[in-house]
Amino acid sequence: MAEAVATLAVSVWRGGAEGRFVGYAVPRRANQTVLDVVTYIQQRLDPGLSYRFACRVGMCGSCAMTVNGRPRWTCRTHVARVAGADGRIEIAPLANLPVIKDLACDLSAFFDKWAAARGSFVGTRTRRDDFARVSPAAPQRRAVDAAIECIGCAVCYAACDVVAWNPDYLGPAALNRAWTLVNDERDGAERARLSAVAGDAACHACHSHQSCTEHCPKSLSPTSSIAGLKRRTGLAALTGKI
Amino acid sequence: MSLAARLRGRTHAAYIAFLIHRLSGIGLAVFLPLHFLALGQAIQGPQALDGFLDWSRQPLVKAAEAGLVLLLAAHLTGGLRVLAIEAGSTRAMTRAVISLGLAASLAIALMFLLGVWS
Ligand code: SF4
Ligand code: SF4
Ligand code: FES
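By convention here, each chain's residues receive numbers from 1 onward along its written sequence. For this description, chains carry letters from A and ligands carry numbers from 1, given in the order in which they are written. Selection of residues for local features in this predicted model requires a pLDDT of at least 70, selection of side-chain atom pairs for listing and counting requires 80 or more, and totals for whole chains, interfaces and linings are taken over all residues. Calculated side-chain values reflect all of the structure's heavy atoms, with hydrogen atoms and water omitted.

Turning to the domain arrangement of chain A, a few remarks are in order. Residues and elements named next belong to chain A. For every domain, the bounds stem from an assignment made automatically or drawn from a database. Under the domain assignment used here, chain A contains domain 1 (7-105) and domain 2 (108-238). Each of domain 1 and domain 2 has a C-alpha centre, and the two are 29 Å apart. Contacts: residue pairs with any heavy atoms within 4.5 Å of one another. Contact residues are listed per partner, giving 13 residues for domain 1 and 15 residues for domain 2. Throughout this description, the term salt bridge denotes a Lys or Arg side-chain nitrogen within 4 Å of a carboxyl oxygen of Asp or Glu. Between domain 1 and domain 2 we count 0 salt bridges in total. Two N or O atoms count as a polar contact when they lie within 3.5 Å, although within protein this holds only if one can serve as hydrogen donor and the other as acceptor, and sequence-adjacent residues are included solely when both atoms are side-chain atoms. Counting the contacts that link domain 1 with domain 2 gives 3 residue pairs in polar contact (both at pLDDT 80 or more). Here a helix means four or more residues in a row that DSSP labels H or I, a strand means two or more in a row labelled E, and each is numbered from the N terminus. Per-element tally for the side of domain 1 that touches domain 2: the top contributor is strand β4 (residues 70-73), with 4 residues. Lys, Arg, Asp and Glu make up the charged group, whereas Ala, Val, Leu, Ile, Met, Phe, Trp, Tyr, Cys and Pro make up the nonpolar group; the residues left over, Gly among them, are polar. Among the residues forming the side of domain 1 that touches domain 2, the class breakdown is 8 nonpolar, 3 polar and 2 charged.

This is the structure in structure tokens:
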């Protein structure tokens, strides 16, 4: 894309829940990411700016922010993709999470909900047992494959209106995680997990409006995973399993 | 964040489909009492109902009815799409299916306007 202006006009959220946007002028460079812009501001213009990142290559999931109104992973979002010819970018913390300061949010609720959705594997074998043999072609294994690459960035959580409407809603990422475990044939906690995701503020609260799927930087489809949970919990309820 | 920025994450086809489904539902819910009122006329005797039916043949009323048919069709196709998603269809999540549902709804409303069923 042609570099329209040499300087970006960047507004960055400063403060906590109460705060304001502050403008910074940042030189535009080739192949610059939004995270590069934030880093430039922190290193050259205002060392007091708080934000999070770690890997810078789209693996850790810590750098998500709201860029021009959309939740995005900033380390893999090129400026050319979000800034128009006028070079304006607005960078805010993720929505649906309490702001600690500037661009850093408190993700406790997000991860607590993974725990509430029974998002950890419960093994049934001991170290003396042989490895489990799981066929890569099995339908359940394929369902896991489709949903497993989550990096826990909370982009989907910030994009979901149901999270905004009902703060207790477990949210797309936790439910997507639960779906991978429900399909893990080695796991021994299916019943508890299905009960955990069948409640009021869980899979059945999802409106299928796909904002999570639309924004997930890993191109996962939490909407499909949640639909799977809806079917699985429905079946479990009908057969008296939960 | 400005309202425009807030809306920006909600311009994708599936969100618009959700809005149409929700708004058509609300529209239908608002209309239902009027519908029952009209049916109630039938109980009060044929004259009242006939009077109402005459009134309802005016072009403006006809257009409003077509709007209602559109709401009903949009709500129906939207509901079928959500059912398909929940049954595991990924195709139902695509723009193509959303457009198809809207096109079908418009076609049904148009057919009503052209008097296909009267
Ligand atoms: S599909 Fe469900 S989880 Fe995803 S954004 Fe919509 S309501 Fe939230
Ligand atoms: S599902 Fe996607 S958007 Fe949500 S936390 Fe995982 S990687 Fe991020
Ligand atoms: S910094 Fe790790 S995903 Fe962006």
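All names here are of chain A. A two-sided burial pattern is seen for strand β3 (residues 64-67), the buried positions comprising Ala64 and Thr66 on one face and Met65 and Val67 on the other. Strand pairing requires that DSSP identify at least two bridges connecting the strands. In terms of strand pairing, β3 meets β4 through 4 bridges, oriented antiparallel. Looking across to β4, one finds that Met65 is bridged to Arg72. Where β3 lies against strand β5 (residues 88-92), 2 bridges are found, and the strand directions are antiparallel. Its bridge partner being in β5, Val67 is matched across the sheet by Ile91. Only protein chains enter the accessibility calculation, which uses a 1.4 Å probe; a residue is then buried when its area is under 20% of its type maximum, exposed when over 50%, and partly exposed in between.

Two aromatic rings from Phe, Tyr or Trp, using only the six-membered ring of Trp, form a pair when their centres are within 6.5 Å; if the ring planes differ by under 30 degrees the pair is stacked, by over 60 it is edge-to-face, and anything between is tilted. Under the criterion given, the structure shown has 8 aromatic pairs over all chains. On the numbers, 5.6 Å between centres and 15° between planes, the contact of A:Tyr51 with A:Phe53 is stacked. A centroid spacing of 5.4 Å and a plane angle of 55° characterise the contact between B:Tyr15 and B:Phe18, whose relative ring orientation is tilted. Placement of both B:Tyr15 and B:Phe18 in helix α2 (residues 13-43) is noted, with a separation of 3 residues, approximately one turn of the helix. Assessed through its relative accessible area of 10%, B:Phe18 is described here as buried.

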